[in-house]
Amino acid sequence: MTTTTKTARQKAEKTDAGADYFVVGEEIADAKAPAGPIEQKWAKRKFEAKLVNPANRRKLTVIIVGTGLAGGAAAASLGEAGYNVLNFCYQDSPRRAHSIAAQGGINAAKNYRNDNDSTFRLFYDTVKGGDYRARETNVYRLAEVSANIIDQCVAQGVPFAREYGGLLDNRSFGGVQVQRTFYARGQTGQQLLIGAYQALERQVAAGTVKMYARHEMLELIVVDGRARGIVTRDMVTGAIESHYADAVVLATGGYGNVFFLSTNAMGCNVTATWRAHRKGAYFGNPCYTQIHPTCIPVHGETQSKLTLMSESLRNDGRIWVPKRAEDCDKDPRQIAEADRDYYLERIYPAFGNLVPRDIASRQAKNMCDEGRGVGPAVKEFDHEGNERMVRRGVYLDFADAIGRLGKDGVAARYGNLFDMYAQITGENPYETPMRIYPAVHYTMGGLWVDYDLSSNIPGLYVTGEANFSDHGANRLGASALMQGLADGYFVLPNTINDYLAGAPFEKIDDTHPAAAEALASVKGRIEALLSVNGTRTVDSFHKELGHIMWEYCGMERTEEGLKTAIAKIDELREEFWRDVKVTGVNEDFNQTLERAGRVADFFELGRLMCVDALHRRESCGGHFRAESQTEDGEALRHDDEFLYVGAWEFTGTGEKPVLHKEPLEYNFIELKQRSYK
């Protein structure tokens, strides 16, 4: 158990702050993970799972929503296996999935550097990085298949960086002390996605995969308790269509855009998973949000998104702020070395600038809260609505690296990232330090799944960032690409067979009552949005919701703040349905209508995130409750009370959600207070 001080425990053991907001339901369990040694579980599960013979696969259809690394890899793999695959994305091409934005690299336990890396060490680092709130069995499997991912991608022609002798190169990432991250400069996500896209297009040409671009999923069709299809809107014509299959896979990414400002593409949304949640799929750990420490700071009130600068920059860049607040106005090049505070190197000497993202983010906020932030001051509002001007930035300095490697050496490693920074800020990072600040990035929460990646709705599978399973309360860098490709190429194709072996199921079409109800609900929701005809824009509501979420459920949460957020979200949601202005018609290309539907779901999700954060009276990873911290300000877990996954059941709009708990068991890793010092 985590050791805690008496004062901290007394603070954490207040009456349950969330009791008025939810109902506690039955415990749940992941029944699919086999017993036995952890290194044998995956092989045992693959052997025990039922198979579908090749002739029968041609009779079965699988819907996959999403074409990023998880969705594209799954569609290509299941198409190659002989299933009929219907693949959907809201972008104009699968190549525009948000996986393309990943920059720094992908982890794999190959030990190419001979620095004592191993499958178990990758497993341990990932569980520890998630602050012991991830499921052991899923994480070990992820580490186990990681090496296969690299081989697969090299065979596809992915141009990973190589050393002088031709061997694949590795770099470091936060939260680890080995070099296990494979990369393609600052374009790793793009190169991996092109590899998956090639495999996907091969199956499209072969006829096993049918591609539906510019189609947005708006409802899940559930027949007799099984997921049997989806309802989509053609985003060009407005046509509402139903599609049917023997199983449905959601690979639709995360929901960071609930905060409005995030590093996500502006189209990223929660609608597919939220529609499934409303149909009965449990939502796991929704409050676990990753704040990435290495982003270009907010520059104005009219900004619509934030730009990520890869964590890989922390390999050679040094993070600092002035020791004295009066130096914050100075040109950083004029601040003497003795007057600089390299605070991560000072506080965490063992890991330095490569501490995990949640820790680096909180310390950056602490420095700025102390009045030592840099860059132009921005307007903020405190919890009481009082205006304040604060500098939100710290320096990421490459002067030492340039002196050691030369400008050309730094450019070879990070050139495209430096170019991107210069184009956005108008500053030359080779000559003056970058300015960075934390921003919303990844979401560790998502639909609850078992070891097979199946939700609690039979026939509904969830992969990649859309599920909750692998990262606990904080994701280590370079693990998102690893999970997406592991799920798509190696896990789902081996587990979905077990379910499909029981097919074919009842044939359904538009006349089936469940299908007709789903179709009618989509049309009714669209008509409701168009009929409000209010005075406020969709974006104004989204921006206000994002401000509430960032202020009260962002980098630091408190009981009082979360209760305030829930009340504010309820009020704002009511105003949205009373006063939103959605222009145009459905039977046309209508981006305002698209955004309105997504923001409507963000209201409901945001409320659940706050309820989840309120009930979890501990700090862990990216979930930092101010009432639960160590004497030196680090996250303080309470394993005796909260060693479980919070899986939430939807009970109706405006009704209390039901909290189901999946106890977390650690049989192969010792639970202890996380430390990177």
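Rules behind the numbers
Residues numbered from 1 in each chain as written. Predicted model: local features only at pLDDT ≥ 70, side-chain atom pairs only at ≥ 80, totals over all residues. Heavy atoms only, no water. Helix = DSSP H or I, 4+ residues; strand = E, 2+ residues; numbered from the N terminus. Rg over C-alpha atoms; globule rule 2.2 N^0.38 Å. Buried < 20%, exposed > 50% of the residue type's maximum accessible area, 1.4 Å probe, protein only. Contact = heavy atoms within 4.5 Å. Areas by Shrake-Rupley, 256 points an atom, 1.4 Å probe, with all protein chains shown as cover. Lys, Arg positive; Asp, Glu negative; His and termini not counted. Charge placed at Lys NZ, Arg CZ, Asp CG, Glu CD. Pairing = 2+ DSSP bridges. 1 Å grid on protein atoms, 1.4 Å probe; cavity = no way out; pocket = protein on both sides within 12 Å on 5 of 7 lines; lining within 4 Å. Points joined across faces, edges and corners; volume = space filled by probe spheres on them. Axes fitted to C-alpha atoms, helices over the stretch in contact; angles between N-to-C directions. Domains from an automatic or database assignment. Buried area = accessible area lost by both parts, 1.4 Å probe. Salt bridge = Lys/Arg side-chain N within 4 Å of Asp/Glu carboxyl O. Nonpolar A, V, L, I, M, F, W, Y, C, P; charged D, E, K, R; others polar. pLDDT = per-residue confidence, 0-100. Parallel < 35°, antiparallel > 145°, perpendicular 65-115°, else oblique. Phe/Tyr/Trp six-rings, centres within 6.5 Å; stacked < 30°, edge-to-face > 60°. Lys NZ or Arg CZ within 6 Å of the ring centre and 35° of its normal. Left-handed = near helix turned anticlockwise from the far one by under 90°. Expected span 1.5 Å × (residues − 1).

1. Quick notes on the overall build of the protein chain
Consideration 1: Looking only at helices and strands, the protein chain has 17 helices and 22 strands in total.
Consideration 2: Against the globule reference of 26 Å for 677 residues, the protein chain gives a C-alpha radius of gyration of 24 Å, in line with a compact fold.
Consideration 3: Each of the three principal axes of the protein chain carries a C-alpha extent, and together these read 75 × 60 × 50 Å.
Consideration 4: Out of the 677 residues in the protein chain, the part that is buried amounts to 62%.
Consideration 5: Of the contacts formed within the protein chain by residues at least 6 apart in sequence, a portion of 74% connects residues at least 24 apart.
Consideration 6: For the protein chain, the computed accessible surface area is about 25,200 Å², with 48% contributed by carbon and sulfur atoms.
Consideration 7: Looking at the protein chain, you have 80 positive and 91 negative side-chain charges, and the mean spots of the two groups are 3 Å apart.

2. Some words on the pairing of strand S13 (residues 318–322)
Consideration 1: Where burial is concerned, most of S13 is hidden: 4 out of the 5 residues are buried.
Consideration 2: As paired strands, S13 and strand S17 (residues 394–397) are joined by 3 bridges and run antiparallel to one another. Residue pairing across strands places arginine 318 opposite aspartate 397, the latter belonging to S17.

3. Here's the deal with the layout of surface pockets
Consideration 1: Estimates place the volume of the second largest pocket at around 1,200 Å³.
Consideration 2: Along its surface, the second largest pocket is lined by 36 residues, and Lys379, Glu380, His547, Trp550 and Glu551 are the ones closest to its centre.
Consideration 3: Mapped by element, the contributors of at least two residues to the lining of the second largest pocket are helix H10 (357–369), strand S15 (377–381), strand S18 (434–443) and helix H14 (538–553).
Consideration 4: Take the lining of the second largest pocket: its biggest share by element is 6 residues, from H14.

4. A short note on the side chain of arginine 275
Consideration 1: If you trace the backbone, arginine 275 turns up in helix H8 (residues 271–278).
Consideration 2: Beyond its immediate chain neighbours, meaning those up to four positions away, arginine 275 contacts Leu218, Glu219, Leu220, Arg525 and Asp601.

5. Topic: the sheet that holds strand S7 (residues 215–223)
Consideration 1: The strand order across the open sheet formed by 3 strands is S7-S8-S9, and the pairing between neighbours is antiparallel. Sheet topology places S7 and strand S9 (240–244) at the edges, where each strand pairs with a single neighbour. Direction aside, the axes of adjacent strands within the sheet are offset by 30° on average.
Consideration 2: In the packing of helix H13 (residues 513–532) onto the sheet, the strands contacted are S7, strand S8 (226–234) and S9, and the crossing angle to S7 comes to about 145°.

6. Focus on the environment of methionine 309
Consideration 1: Within the secondary structure, methionine 309 sits in the loop between strand S12 (289–295) and S13.
Consideration 2: Judged by its relative accessible area of 0%, methionine 309 is buried.
Consideration 3: Setting aside anything within four residues of it in sequence, one finds methionine 309 in contact with Gln103, His292, Thr294, Cys295, Ile296, Leu417, Met420, Tyr421 and Met434.

7. Some details on the domain arrangement of the protein chain
Consideration 1: Taken domain by domain, the protein chain consists of domain 1 (8–17 + 513–643) and domain 2 (292–441).
Consideration 2: Its C-alpha centre places domain 1 at a distance of 29 Å from the equivalent point of domain 2.
Consideration 3: Taken together, the 12 residues of domain 1 in the interface contact 14 residues of domain 2.
Consideration 4: With both sides pooled, the region where domain 1 packs onto domain 2 buries about 1,100 Å², and carbon together with sulfur makes up 52% of that total.
Consideration 5: When the area that domain 1 buries against domain 2 is broken down by residue, the three leading residues are Glu551, Met555 and Glu634, summing to 44%.
Consideration 6: For the pair domain 1 and domain 2, the number of links is 0 salt bridges.
Consideration 7: Grouping the constituent residues of the side of domain 1 that touches domain 2 by class yields 5 nonpolar, 3 polar and 4 charged.

8. Quick word on the confidence of the model for the protein chain
Consideration 1: Scored by pLDDT, the protein chain comes out at a mean of 94, with 97% of its residues at no less than 70.
Consideration 2: In the model, residues 1–15 has pLDDT below 50 throughout and makes 25 contacts with residues more than four positions away in sequence or in other chains.

9. What about the packing of helix H6 (residues 136–155) against helix H12 (residues 480–500)?
Consideration 1: Where H6 contacts H12, the two axes come as close as 9 Å, and the packing angle between them is 85°. Overall, the two elements H6 and H12 adopt an arrangement that is roughly perpendicular. Residues Arg141, Leu142, Val145, Ser146, Asn148, Ile149, Gln152 and Cys153 of H6 pack against Met482, Gln483, Leu485, Ala486, Tyr489, Phe490 and Val491 of H12.
Consideration 2: Classifying every residue of the contact of H6 with H12 gives 10 nonpolar, 4 polar and 1 charged.

10. As for the packing of aromatic side chains
Consideration 1: Tallied over the full model, the rule gives 24 aromatic pairs.
Consideration 2: Consider the rings of tyrosine 112 and phenylalanine 182, whose centres lie 5.6 Å apart with planes at 75°: the pair is edge-to-face. Here tyrosine 112 is found in the loop between strand S4 (106–107) and helix H5 (119–129), whereas its partner phenylalanine 182 is found in strand S5 (residues 181–182), with 70 residues between them in sequence.
Consideration 3: Classification of phenylalanine 182 by relative accessible area gives buried; the value is 1%.
Consideration 4: Consider the rings of tyrosine 461 and tyrosine 499, whose centres lie 6.2 Å apart with planes at 65°: the pair is edge-to-face. Here tyrosine 461 is found in strand S20 (residues 460–462), whereas its partner tyrosine 499 is found in helix H12, with 38 residues between them in sequence. Neither residue differs from the other here; tyrosine 461 and tyrosine 499 are each classed as buried.
Consideration 5: Among the aromatic side chains, those forming a connected cluster through ring pairs are Phe398, Tyr414, Phe418 and Tyr430.
Consideration 6: Across the ring face of tyrosine 342, the terminal group of arginine 318 is positioned such that the distance to the ring centre comes to 3.8 Å.

11. Re the packing of H8 against helix H16 (residues 591–615)
Consideration 1: Between H8 and H16, the least distance of the axes is 10 Å, while the angle of their chain directions is 60°. As summarised for this structure, H8 and H16 are arranged oblique, according to the angle between their axes. Considering how the two elements wind past one another, H8 and H16 form a crossing that is left-handed. Facing H8, whose interface residues are Thr271, Trp274, Arg275, His277 and Arg278, H16 presents Gly597, Arg598, Asp601, Glu604, Leu605 and Leu608.
Consideration 2: Grouping the constituent residues of the contact of H8 with H16 by class yields 3 nonpolar, 3 polar and 5 charged.

12. Re the environment of histidine 512
Consideration 1: Relative to the elements of secondary structure, histidine 512 occurs in the loop between H12 and H13.
Consideration 2: In sequence terms histidine 512 and histidine 471 are 41 residues apart; their C-alpha atoms lie 39 Å from each other.
Consideration 3: Once you skip the residues sitting within four places of it in the chain, histidine 512 turns out to touch Val223 and Glu506.

13. Thoughts on helix H15 (residues 559–579)
Consideration 1: In this model, H15 (21 residues) spans 30 Å end to end at C-alpha, consistent with the 30 Å of a helix rising 1.5 Å per residue.
Consideration 2: Among all positions in H15, only Glu559, Gly561, Leu562, Ala565, Ile566, Ile569, Leu572, Phe576 and Asp579 are buried.
Consideration 3: The inward-facing, buried residues of H15 abut H13, H14 and H16.

14. Considerations on the sheet that holds strand S22 (residues 658–663)
Consideration 1: If you walk across this open sheet you meet the 5 strands as S1-S22-S21-S11-S19, and the pairing is mixed. Single-partner strands in this sheet number two, and they are strand S1 (23–24) and strand S19 (446–447).
Consideration 2: The sheet contact formed by strand S11 (residues 283–284) and S19 spans 2 bridges and is antiparallel. Within S19, the residue paired with glycine 284 across the bridge is glycine 446.
Consideration 3: This element, H16, spans S11, strand S21 (644–649) and S22 of the sheet and lies at about 145° to S21.

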